[in-house]
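# Chain and residue survey
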4 protein chains.
Amino acid sequence: MDDDSRAVRWTQRTEIPLFVASLVFLAAYATHVLATGMPAFWHVVCLSVMFALWLVFAADYAVRWRLSGQGLRFVTTHLLHTVVVVLPLLRPLRIVPLYDAVQRKAGEPRLTLHARVISYAGLSTVLLGFSGALAVYQAERGAPGATMRTYGDAVWWAASTLTTVGYGDITPVTPMGRVIATGMMIGGLALLGAVTGSFSSWLMQTFSREGDERPPGR
Amino acid sequence: MDDDSRAVRWTQRTEIPLFVASLVFLAAYATHVLATGMPAFWHVVCLSVMFALWLVFAADYAVRWRLSGQGLRFVTTHLLHTVVVVLPLLRPLRIVPLYDAVQRKAGEPRLTLHARVISYAGLSTVLLGFSGALAVYQAERGAPGATMRTYGDAVWWAASTLTTVGYGDITPVTPMGRVIATGMMIGGLALLGAVTGSFSSWLMQTFSREGDERPPGR
Amino acid sequence: MDDDSRAVRWTQRTEIPLFVASLVFLAAYATHVLATGMPAFWHVVCLSVMFALWLVFAADYAVRWRLSGQGLRFVTTHLLHTVVVVLPLLRPLRIVPLYDAVQRKAGEPRLTLHARVISYAGLSTVLLGFSGALAVYQAERGAPGATMRTYGDAVWWAASTLTTVGYGDITPVTPMGRVIATGMMIGGLALLGAVTGSFSSWLMQTFSREGDERPPGR
Amino acid sequence: MDDDSRAVRWTQRTEIPLFVASLVFLAAYATHVLATGMPAFWHVVCLSVMFALWLVFAADYAVRWRLSGQGLRFVTTHLLHTVVVVLPLLRPLRIVPLYDAVQRKAGEPRLTLHARVISYAGLSTVLLGFSGALAVYQAERGAPGATMRTYGDAVWWAASTLTTVGYGDITPVTPMGRVIATGMMIGGLALLGAVTGSFSSWLMQTFSREGDERPPGR
């Protein structure tokens, strides 16, 4: 059996377990950050779970690299994969392969192109918002002069940042918080730009279908 | 007579009355929220009107579901319809079917594609702005530390939010207000993105018509 | 001679004088607003000039309406024209017919499509910014709690508003100022969206010209 | 040998040294602005290096103008070139010719169109952000009422400005700072609009490749 088909088989078998693992990772991180009153033991459990899962992600990356037979070029041709190994919080962004894997089993008809782009970019933005809010909240909490006092504040700040509204009633003040925030701005701009563009072209397409007399939403 | 033609007939007959009903719903909600000095009796009248109209909307949704013969898939294939039953304040967004119904009676020539997209998305944004400003104002009014003191403030806040300018001189501080605000940001981003995109491609099209020497606005 | 060719001749002869008149109107308004130390007599002169020019614009509109032979439909088919009669400050937006008229005389080669859209939308944005800043400054000046104290503040505010950055360090507080500001947000969003879209597609086009080895800006 | 091939040869030979020179210029400016505790002698050295490099840039511009044989039209046909002679801080924006020159030597396969537009516009935005933050920081430093106190503040302000988020926690207050900031807003809007547009159309293209079952990031 050649490397390529083994790589495809590996992907098909690991996609769903790895996605579940990435959600567990996110949950463990959220528990570690938000459950401030929790005994120290459980914080150690959360961190251990995160470390163990990260090892699993790294092993998966190594196996794929090996199976691809591409050498160093693998790092750039699988850029999203490389990013999510370094920053496992972003791993749920790999929701598309999961969606594909689920669909292939269920055999249901796929969504239209616009619906797929909107739902992928929309879900990615939501996950980016919650993960980013957690990370910024961890950096800001307790900093002198911080305006972000609760996780609710952090989520509200993330919403106003990702949509580029940027009220400025709550802003990160620590260097770490600002670095993460800058990453979120760029990611939000790109992902929501894709949502907006797709919605706009879907609307245009719907309105141009004159003959069949079917306005949107009927 | 088959189900499909009955569904079309139902739509043609109910579209205009239902649109008028949705404007009455919005007016009753606005009266309830803004007329603070009104006797309690009239508040009860407003809420009763809203509840009665909501029953009408729900009945219309049930009839259409029945006539469609689609079962549970109706919920996703008629997504806008489902949303406006849950959130009747957004019902005026269904302005397109109305426009179609009016046009079909009047027999007038339709607008161009760009003009239709711009006017639909623009009107939707205006309605979203006024409804959202009402809902956020109701949530914020009297909250400790609220910067949104009058309905005028709420409309000004809505304008700066929907255009993603986001001054931050007035911002919601209650959890409910922030949840509604986040919905408005996303809706505004998508709808105004469609307006901007259509305007931009209309401008491009106008400027590319070299031969007939007709600049825009002459 | 038929009405149509008379309409074209009217346009060709009046375009340049009317554009100059619109700049004089803007200058008179700017003098009225900004020259606070000026004797009352000169304020009367400015207002008289503005009123006289407005009569000229109205007369031009009436003549065109007459020549078009369209009746009430003229109001919607010449929408930009109707807007600039009601709000003469926006008249310099009609820079395209002027550009055409000048070009036709000079016989020079025209700019490319992208360059024309960018320069038209860009110039319109700059004019909208300066006129809007003047109008908002006039409404805000001396209002209690106003953060906009000088015309420089107003221009800075206009720049951050039209680009949808919206810092919020300076914001209008009067109802009149906020109404004008909302109009500017919408206009800025549409015009700068056109600039951005054109620039983006120009960049894409430039980068896709592989064969001739000509990167942009060489 | 004709002028055109001499112009091409000139470009090929000078591109890489000039790009290195522009990075040295940026480094000298950064040292001058940021190293406040440095002896006056080294400030003179920095300024001398900047002046010398500017002379080199001006000479290169003069040679190209001469070789082009275009006369005054050269100023508009090589607009980016003209801009970077006047504002040498922006010179690193000419990263594309460099990329081309390096590629031609290396003979490697080029990136796809979307990747090239995204990386060019993205890199340009990053350079614009750092240069602009330096220039605004120099203008703001020590101004009465300035909220921008460190270079870190300036970079954070630049990130929130270029993405049009615009929190407003830090804003320029001096006229010079505001003029530079307005230029950055416009540049950021155009460049990030190109990044967003390219990313969006790349995502759309990736999702539309149904047949080969290859979601992005696998």
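Analysis parameters
- Residues numbered from 1 in each chain as written.
- Chains lettered and ligands numbered in written order.
- Predicted model: local features only at pLDDT ≥ 70, side-chain atom pairs only at ≥ 80, totals over all residues.
- Heavy atoms only, no water.
- UniProt positions renumbered as here; feature names shortened; annotations may be inferred.
- Helix = DSSP H or I, 4+ residues; strand = E, 2+ residues; numbered from the N terminus.
- Contact = heavy atoms within 4.5 Å.
- Buried area = accessible area lost by both parts, 1.4 Å probe.
- Salt bridge = Lys/Arg side-chain N within 4 Å of Asp/Glu carboxyl O.
- Nonpolar A, V, L, I, M, F, W, Y, C, P; charged D, E, K, R; others polar.
- Least-squares fit on C-alpha atoms with pLDDT ≥ 70 in both.
- Patch = residues over 30% accessible without salt bridge, like charges linked within 9 Å, V, L, I, M, F, W, Y side chains within 5 Å.
- Areas by Shrake-Rupley, 256 points an atom, 1.4 Å probe, with all protein chains shown as cover.
- Lys, Arg positive; Asp, Glu negative; His and termini not counted.
- Charge placed at Lys NZ, Arg CZ, Asp CG, Glu CD.
- Buried < 20%, exposed > 50% of the residue type's maximum accessible area, 1.4 Å probe, protein only.
- Expected span 1.5 Å × (residues − 1).
- Phe/Tyr/Trp six-rings, centres within 6.5 Å; stacked < 30°, edge-to-face > 60°.

Per the UniProt entry, the sites bearing "transmembrane region" (unreviewed entry) are residues 16-34, 40-59, 117-139 and 180-204 of chain A in this numbering. Along residues 40-59 of chain A, the helical share is 100% and the strand share 0%, with 29 Å between the first and last C-alpha atoms.

The next subject is the interface of chain D and chain C. Contacts between chain D and chain C engage 37 residues on the former and 25 residues on the latter. Taken over both partners, the interface formed by chain D and chain C buries close to 2700 Å², and the fraction arising from carbon and sulfur atoms is 64%. Of all residues in chain D, the largest losses of buried area upon contact with chain C belong to Arg-178, Met-185 and Leu-189 of chain D, amounting jointly to 21% of the total for that side. The interface formed by chain D and chain C holds one salt bridge in total. The salt bridge partner of Asp-153 of chain C is Arg-178 of chain D, with a shortest N-O separation of 3.1 Å. Counting residues per element, the ones that place at least two in the side of chain D that touches chain C are helix H4 (79-86), helix H5 (95-106), helix H6 (113-140), helix H7 (151-162) and helix H8 (175-208) of chain D. Here the side of chain D that touches chain C gets 11 residues from one element, more than from any other, and that element is H8 of chain D. Of the residues in the side of chain D that touches chain C, the class split is 17 nonpolar, 13 polar and seven charged.

After a rotation of 90° and a shift along the axis of 0.0 Å, chain D superposes on chain C with an RMSD of 0.0 Å. Overall, the copies show the geometry of a four-fold rotation axis. The overlap is low: 11% of the interface residues of chain D also sit at the interface in chain C, so different surfaces are used on the two sides.

Turning next to a positive patch on the surface. Residues and elements named next belong to chain A. Together, Arg-6, Arg-9, Arg-13 and Arg-66 give the surface a local cluster of positive charge. Per element, the largest residue contribution to the positive patch is three residues, and it comes from helix H1 (residues 3-34). Tracing the chain through its elements places Arg-13 in helix H1. Judged by its relative accessible area of 61%, Arg-13 falls in the exposed class.

Moving on, we come to helix H6 (residues 113-140) of chain C. Taking 1.5 Å per residue, 28 residues should reach 40 Å; H6 of chain C reaches 39 Å between its end C-alpha atoms and fits that length. The first or second residue beyond H6 of chain C is Gly-142 of chain C, which carries a positive phi of 80°.

Glancing now at the packing of aromatic side chains. On inspection of all chains with the given rule, the structure shows 32 aromatic pairs over all chains. The interplanar angle of 15° and the centroid separation of 5.8 Å between the aromatic rings of Trp-65 of chain B and Phe-74 of chain B together place this pair among those described as stacked. Relative accessible area serves as the criterion here: at 28%, Trp-65 of chain B is assigned to the partly exposed category. By relative accessible area, Phe-74 of chain B is classed as buried at 1%. Members of the aromatic cluster, joined through ring pairs, are Tyr-61, Trp-65 and Phe-74 of chain A.

Residue and element names in this part refer to chain D. Topologically, Thr-14 is positioned in helix H1 (residues 3-34). A residue is classified by how much of its surface remains accessible, and Thr-14, at 14% relative accessible area, is buried. The residues contacting Thr-14, other than those within four sequence positions of it, are Asp-60 and Arg-64.

With that settled, the discussion passes to unusual backbone geometry. Negative phi characterises most residues that are not glycine, and trans characterises most peptide bonds. Residues other than glycine seldom take positive phi values, yet Thr-164 of chain B does so here, at roughly 60°. Its location among the elements puts Thr-164 of chain B in the loop between helix H7 (151-162) and helix H8 (175-208).

Attention now goes to the environment of Ala-59 of chain B. With respect to the element layout, Ala-59 of chain B can be found in helix H2 (residues 40-68). In the structure, Ala-59 of chain B is positioned 26 residues away from Val-85 of chain B in sequence and 9.8 Å away in space, judged by C-alpha atoms.

As a further point, take a nonpolar patch on the surface. Taken together, the side chains of Leu-79, Val-83, Val-86 and Leu-87 of chain A make up a nonpolar region of the molecular surface, amounting to roughly 360 Å² of accessible area. Looking at the element boundaries, Val-86 of chain A is found in helix H4 (residues 79-86).

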